[in-house]
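This is what each chain is made of:
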Amino acid sequence: MAVKKYYVVWNGLKTGIFDNWNDCKASVTGVNGAKFKSFPTLEMARNAYYNGPEIVNKKPVLKPTTFNTEIITDSLAVDAACSGNPGIMEYRGVFIKTGDVLFHQKHPLGTNNIGEFLAIVHGLAELKKRNLNIPVYTDSKTAMSWIKHKQCKTKLNRNSTTEKLFQIIERAEKWLQTNTFTQKIIKWDTENWGEIPADFGRK
């Protein structure tokens, strides 16, 4: 069985922490001065990414507030991706602690914001059904605002192609209007933490 590794990219097409070599390789291939390194644990990778490549071979001197105290690992991360905007849209929810995918949905036409909105609602509904009171991380301020107002304020046209998607949106809005939830929705700090664990890696 292969040993799990985590890859930190400090300088590349995309920076952050990756849990597989293919994503890391895609981020550094062809980049002059690319800086990256693998680590055996996620904690080591986070510390190295946070402090910079110069401390890789030294004892890390962590800043007062670090990943270990900021990120709640017992949580759900959600994200969406869109091939074109609008375009083929998909979203998913991933448990941060284990990396397990809780759900993954795909639609022939949608927008990234719609996907982010549906991902949060889907996540909240699944967590409530499973009686899991853990936070939900999202990197979308727009989706968080839509959740707050319990309405998906998309400008996507409703037609025969998007009708099924709009029916799902209406179902999500109704869920928000008729349900209460205790799970916190937290903005993912991409600048300091790298890409959200549910990221599709298409930016």
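Residues numbered from 1 in each chain as written. Predicted model: local features only at pLDDT ≥ 70, side-chain atom pairs only at ≥ 80, totals over all residues. Heavy atoms only, no water.

Draft legend 1. Representation of the sheet that holds strand S5 (residues 87–95). Judged by pairing direction, the sheet is mixed, and its 5 strands sit side by side in the order S6-S5-S4-S7-S8 without closing on themselves. Looking along the sheet, the strands with just one partner apiece sit at the ends: strand S6 (101–110) and strand S8 (185–187). If you compare each strand with its neighbour and ignore which way they point, the axes differ by 25 degrees on average. Packed on one face of the sheet, helix H4 (residues 112–129) meets strand S4 (76–83), S5, S6, strand S7 (136–138) and S8 and runs near 150 degrees to S4. (Pairing = 2+ DSSP bridges. Helix = DSSP H or I, 4+ residues; strand = E, 2+ residues; numbered from the N terminus. Axes fitted to C-alpha atoms, helices over the stretch in contact; angles between N-to-C directions. Contact = heavy atoms within 4.5 Å.)

Draft legend 2. Seen up close, the packing of aromatic side chains. Under the defined criterion, the tally for this structure stands at 8 aromatic pairs. Plain terms: the ring middles of tyrosine 137 and tryptophan 188 are 5.2 Å apart, the flat faces sit at 90 degrees to each other, and that makes the pair edge-to-face. Of this pair, tyrosine 137 sits in strand S7 while tryptophan 188 sits in the loop between S8 and helix H7 (190–193), placing them 51 residues apart in sequence. Chaining the aromatic ring pairs together yields one cluster made of Tyr7, Trp21 and Phe36. When the ring centre of phenylalanine 200 is taken as origin, the NZ or CZ atom of arginine 92, which lies over that ring, is 4.3 Å away. (Phe/Tyr/Trp six-rings, centres within 6.5 Å; stacked < 30°, edge-to-face > 60°. Lys NZ or Arg CZ within 6 Å of the ring centre and 35° of its normal.)

Draft legend 3. Structural detail: the packing of H4 against helix H6 (residues 163–178). Remark: H4 packs on H6, axes separated minimally by 10 Å, with the N-to-C direction vectors making an angle of 50 degrees. By the angle between their directions, the pair H4 and H6 is classed as oblique. At the point where H4 passes H6, the crossing takes the left-handed sense. Contacts between H4 and H6 involve Ile114, Phe117, Leu118, Val121, Leu124, Ala125 and Lys128 on the former and, on the latter, Leu165, Ile168, Ile169, Ala172, Glu173, Trp175 and Leu176. Looking at side-chain class alone, the contact of H4 with H6 contains 12 nonpolar, no polar and 2 charged residues. (Parallel < 35°, antiparallel > 145°, perpendicular 65-115°, else oblique. Left-handed = near helix turned anticlockwise from the far one by under 90°. Nonpolar A, V, L, I, M, F, W, Y, C, P; charged D, E, K, R; others polar.)

Draft legend 4. Here's a closer look at the pattern of salt bridges. Following the criterion strictly, the structure yields 5 salt bridges and no others. Residue lysine 129 pairs with glutamate 126 through a salt bridge whose shortest N-O separation is 3.5 Å. A residue pair is termed a helical-turn pair when its members lie 3 or 4 positions apart in one helix, as lysine 129 and glutamate 126 do in helix H4 at 3 residues. Overall, lysine 129 belongs to the exposed group, its relative accessible area being 64%. Arginine 130 is paired through a salt bridge with glutamate 126; the nearest N and O atoms lie 3.2 Å apart. (Salt bridge = Lys/Arg side-chain N within 4 Å of Asp/Glu carboxyl O. Buried < 20%, exposed > 50% of the residue type's maximum accessible area, 1.4 Å probe, protein only.)

Draft legend 5. Summary view of the nonpolar core. Counting 30 residues, the largest nonpolar core has Leu76, Ile114, Phe117 and Leu118 as its most contacted members. Going through the elements one at a time, S4, S5, S6, H4, helix H5 (141–149) and H6 are the ones with two or more residues in this core. Take this core: its biggest share by element is 8 residues, from H4. When sequence neighbours within four positions are dropped, the list of residues in contact with phenylalanine 117 reads Ala143, Trp146, Ile147, Gln151, Cys152, Ala172, Glu173 and Leu176. Within the second largest apolar cluster, 9 residues are counted, among which are Ile96, Trp188, Trp193 and Ala198. (Core = buried A, V, L, I, M, F, W, Y, C linked by side-chain atoms within 4.5 Å.)

Draft legend 6. Seen up close, the packing of H4 against H5. Axis separation between H4 and H5 bottoms out at 8 Å; the angle between their running directions is 55 degrees. Comparing their axes, H5 and H4 come out oblique. Where H4 crosses over H5, the handedness of that crossing is right-handed. Contacts from Asn113, Ile114, Glu116, Phe117, Ile120 and Val121 in H4 reach Thr142, Ala143, Met144, Trp146 and Ile147 in H5.

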